[in-house]
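# Tertiary structure, described
Take a look at the letters that make up each chain.
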Amino acid sequence: MSTSITHWVNNTTFSGSNETTQPVTNPATGEITGEVTLATVEDARVVIDAAAAAFPAWRDTSLAKRSAVLFNFRELLNARKGELAEIITSEHGKVVSDALGEVSRGQEVVEFACGIPHLLKGGFTENASTKVDVYSIRQPLGPVGIISPFNFPAMVPMWFFPIAIAAGNTVVLKPSEKDPSASIWMAELWAEAGLPPGVFNVLQGDKTAVDEILTNKAIKSVSFVGSTPIAQYVYATGTAAGKRVQALGGAKNHAVVLPDADLDLAADAMVNAGFGSAGERCMAISACVAVGPVADDLVAKIAERARTIRTGDGAKNSDMGPLVTKAHRDKVASYIDAGEADGAKIIVDGREVTPDGGADGFWLGPTLIDHVTPEMSVYTDEIFGPVLSVVRVESYDDALQLINDNPYGNGTAIFTNDGGAARRFQNEVEVGMVGINVPIPVPMAYYSFGGWKASLFGDTHAHGMDGVQFFTRGKAITSRWLDPSHGGLELGFPQNK
Ligand code: NAD
């Protein structure tokens with residue numbers, strides 16, 4: 001049965017004009033399970049207006065009350081996250097345990113945001129000048145826009161909205177049209193947690209909805225996560241309209257394996273980080289850089305493990321699910337074809353997979369490609385699928401140069417038992433998030449998530465203190481309470497006395 005997936009405004013569903021809809025599919029069966037409505041400009045304005053109307057009262061709600069709602073949301077989420085994980089699996093395709101993992105990582109940001117009274121404390125200087133006190137406060141921005149990608153329909157919105165809401169902003173979330181139901185489930189949870197109407201809103205849609213968020217005067221900031229070309233567009237358009245923008249883009253993440261590494265540990269890590277979530281993670285390892293003599297042994301160990309992966313329906317007992325759409329599946333497969341044509345060696349071929357799932361599912365098994373060189377499209381492009389390329393290099397310096405020459409700079413990892421080499425790598429590599437014998441170095445909620453170069457446009461990363469900074473603006477107040485010694489007229493520039 002196909003369900004209708006609508007917007008969410010003022011703590012209830014909102015169909016809007018419903019002029020255009022887009023089918024939502026279960027990637028493991030190919031079946032159409034829903035129709036998501038795509039906003040018109042008028043629909044988008046209804047949603048944004050609701051967020052603007054709710055802002056003054058929410059901004060003035062005490063920190064004690066705001067954090068109480070956050071705690072309620074956290075408790076409800078923790079108790080019912082299994083429901084959310086199943087929704088994610090049914091529209092994204094990732095296995096349920098992986099979907100639960102994404103919800104748990106999002107929940108950690110909610111827990112961080114529960115501490116907002118502490119995080120918003122300002123500074124105070126008594127008697128900065130004679131009888132003059134100076135203090136700083138941080139205030140919310142207003143209605144904020146969040147535009148999220150398909151690959152983490154719960155976690156990526158949760159990188160932003162817990163802190164935005166806790167800090168006193170109101171939110172318009174524009175989720176991916178490929179897996180929109182998680183956003184409505186989270187909206188219902190906020191209402192149950194006691195969040196007032198209009199504080200958290202969902203706008204379903206495509207470019208029309210995004211463009212209205214980017215240009216509508218009521219929206220004060222935009223947090224975007226998605227592919228690099230759209231991130232660049234969002235950053236340019238949003239900042240030209242005077243908004244604060246953080247736009248996280250695509251990635252090509254390398255893992256360097258040095259000759260002294262524990263090859264079993266490294267091979268496990270390559271498989272987990274290369275094929276988890278079918279490679280549809282912005283922190284997936286897609287290029288394994290084998291240094292010196294390790295390559296043959298490493299490739300054999302990765303291949304042995306990759307062949308044991310059970311590809312199938314994420315709702316069943318599989319290790320790896322399907323890709324999100326048929327078009328994406330075919331595009332990823334075309335990169336394997338191109339790699340083969342370019343002379344790379346296909347060691348494990350996902351095109352030949354026998355999945356445990358529907359005949360019309362969007363299947364592609366784990367693929368390991370050896371002897372990939374930096375000119376091949378399988379290396380240069382972000383493939384976003386279960387395809388791990390092995391690039392063989394002679395030395396640490398060659399590996400470093402390869403990574404630093406790459407236009408992306410999201411995540412990277414090094415596998416070694418040499419602390420000095422690891423420390424050198426952490427210093428020299430031009431990437432925002434680095435793992436040392438850790439394959440997917442996603443920072444904890446109290447640190448900040450973000451890449452460098454073409455993986456992030458803007459100055460602030462997501463969550464942690466960067467998140468608090470992004471969703472508030474600073475004010476400095478200089479105050480003097482009159483007493484008989486205030487000093488009378490003085491037309492010079494204020495100086496400390
Ligand atoms: P996408 O860029 O296609 O879509 C992201 C969002 O932008 C969606 O909400 C979509 O509706 C909207 N959008 C798409 N085309 C648009 C257009 N022409 N104009 C305006 N808005 C548009 O990305 P995706 O395929 O949903 O997600 C995968 C991408 O996201 C990958 O490149 C991945 O690396 C990236 N990603 C990055 C991070 C990170 O932290 N850097 C995290 C997750 C995903």
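Going by what an unreviewed UniProt entry lists, the protein chain is known as methylmalonate-semialdehyde dehydrogenase (CoA acylating) and is assigned to Mycobacterium deserti.

Right, let's talk about the overall build of the protein chain for a bit. Within the protein chain, the secondary structure is distributed over 15 helices and 23 strands. Expected size for 497 residues packed as a compact globule is a radius of gyration near 23 Å; at 25 Å, the protein chain falls within 12% of this value. Each of the three principal axes of the protein chain carries a C-alpha extent, and together these read 85 × 60 × 40 Å. The buried share of the protein chain, taken over its 497 residues, is 56%. With the model as given, the accessible surface of the protein chain reaches about 20,100 Å², and the carbon-plus-sulfur share is 52%.

Reading across the sheet, the 7 strands line up as β15-β16-β17-β14-β13-β19-β20 and stay open at both edges, with mixed pairing between neighbours. Strands at the two margins of the open sheet, each flanked by one partner only, are β15 (345-348) and β20 (433-436). Averaged over all adjacent pairs, the angle separating strand axes in this sheet is 20°, with direction ignored. The sheet contact formed by strand β14 (residues 285-291) and strand β17 (residues 387-393) spans 5 bridges and is parallel. Across the sheet, the residue bridging to V289 is V391, located in β17. Packing of helix α10 (residues 295-306) onto the sheet brings it into contact with β13 (253-257), β14, β15, β16 (367-370) and β17, and relative to β17 it is tilted by some 170°.

With the rule as written, the count across this model stands at 11 aromatic pairs. Ring centres of F161 and W190 lie 5.9 Å apart, and the angle between their planes is 65°; this geometry places the pair in the edge-to-face category. Taken together, the residues span a long stretch of sequence, with F161 in helix α5 (residues 155-166) and W190 in helix α6 (residues 181-193) at a distance of 29 residues. Each member of the pair, F161 as well as W190, carries the same accessibility label: buried. Among the aromatic residues, ring-to-ring pairing joins F73, F161, W190 and F200 into one connected group.

Moving on: the pattern of salt bridges. As enumerated under the stated definition, the model contains 25 salt bridges in all. Between E108 and R105 there is a salt bridge, with its nearest N and O atoms 3.2 Å apart. Of the two residues, E108 and R105 are both situated in helix α3 (residues 96-113); the distance of 3 residues between them amounts to about one turn of the helix. For R105, a relative accessible area of 26% gives the class partly exposed.

Domain boundaries assigned for the protein chain yield domain 1 (3-249 + 455-478) and domain 2 (253-436). Each of domain 1 and domain 2 has a C-alpha centre, and these two points are 31 Å apart. Counting residues at the interface gives 19 residues for domain 1 and 25 residues for domain 2. Of the roughly 1,700 Å² buried at the junction of domain 1 and domain 2 (both faces included), carbon and sulfur atoms supply 60%. The largest contributions to the domain 1 side of the interface with domain 2 come from A28, V95 and S455, which together make up 28% of the buried area. Applying the counting criterion to the domain 1 and domain 2 interface returns 1 salt bridge. A salt bridge links D98 to R281, with the nearest nitrogen and oxygen atoms 2.8 Å apart. Viewed at the interface, domain 2 and domain 1 are joined by 9 residue pairs in polar contact (both at pLDDT 80 or more). Of all the secondary structure elements, the ones that give two or more residues to the side of domain 1 that touches domain 2 are α2 (63-92) and α3. Residue contributions to the side of domain 1 that touches domain 2 peak at 3 residues, all from α2.

Here we take up the sheet that holds strand β6 (residues 124-129). Reading across the sheet, the 3 strands line up as β6-β7-β23 and stay open at both edges, with antiparallel pairing between neighbours. Each end of this open sheet is capped by a strand with a single partner; those strands are β6 and β23 (472-480). Strand-to-strand twist of the sheet, defined as the mean angle between neighbouring strand axes without regard to direction, takes the value 30°.

Take the pairing of β14 next. β14 sits mainly inside the fold: 7 of its 7 residues count as buried. Two elements, β13 and β14, share 5 bridges in a ladder whose sense is parallel. Across the sheet, N253 pairs through a bridge with I285, a residue of β14.

What counts and how
- The residue numbering used here restarts from 1 in each chain and proceeds along that chain's sequence as written.
- Where totals are concerned, whole chains, interfaces and linings use all residues; where local detail is concerned, this predicted model gives features only for residues with pLDDT of at least 70, and gives and counts side-chain atom pairs only at 80 or more.
- Side-chain figures throughout are based on the complete set of non-hydrogen atoms in the structure, without hydrogens or water.
- Secondary structure is summarised from DSSP: a helix means a run of H or I of at least four residues, a strand means a run of E of at least two, and numbering begins at the N terminus for each.
- A radius of gyration in this sense is built from C-alpha atoms; the matching globule rule multiplies 2.2 Å by the number of residues raised to 0.38.
- Categorising residues by exposure relies on relative accessible area from a 1.4 Å probe, with only protein chains included: less than 20% of the type maximum marks a residue as buried, more than 50% marks it as exposed, and the intermediate range marks it as partly exposed.
- Under the convention used here, a 1.4 Å probe and the Shrake-Rupley method define accessible areas, while residue burial counts only the protein chains that appear.
- Here, strands pair whenever DSSP counts at least two bridges between them.
- To obtain each axis, a line is fitted to C-alpha atoms, and for helices this fit is confined to the stretch in contact; angles are then taken between N-to-C directions over 0 to 180 degrees.
- Here, two residues are considered to be in contact whenever any of their heavy atoms come within 4.5 Å of each other.
- The aromatic pairing rule takes the rings of Phe, Tyr and Trp, using the six-membered ring of Trp, and pairs them if the centres are within 6.5 Å, calling planes under 30 degrees apart stacked, those over 60 edge-to-face and the rest tilted.
- When a carboxyl oxygen of Asp or Glu is within 4 Å of a side-chain nitrogen of Lys or Arg, the pair counts as a salt bridge.
- The start and end points of each domain follow an automatic or database-based domain assignment.
- Once two parts are put together, the accessible area they lose, assessed with a 1.4 Å probe and summed over both, is termed the buried area.
- We call two N or O atoms a polar contact when they sit within 3.5 Å, provided that within protein one can donate a hydrogen and the other can accept it, with sequence-adjacent residues counted only if both atoms are side-chain atoms.

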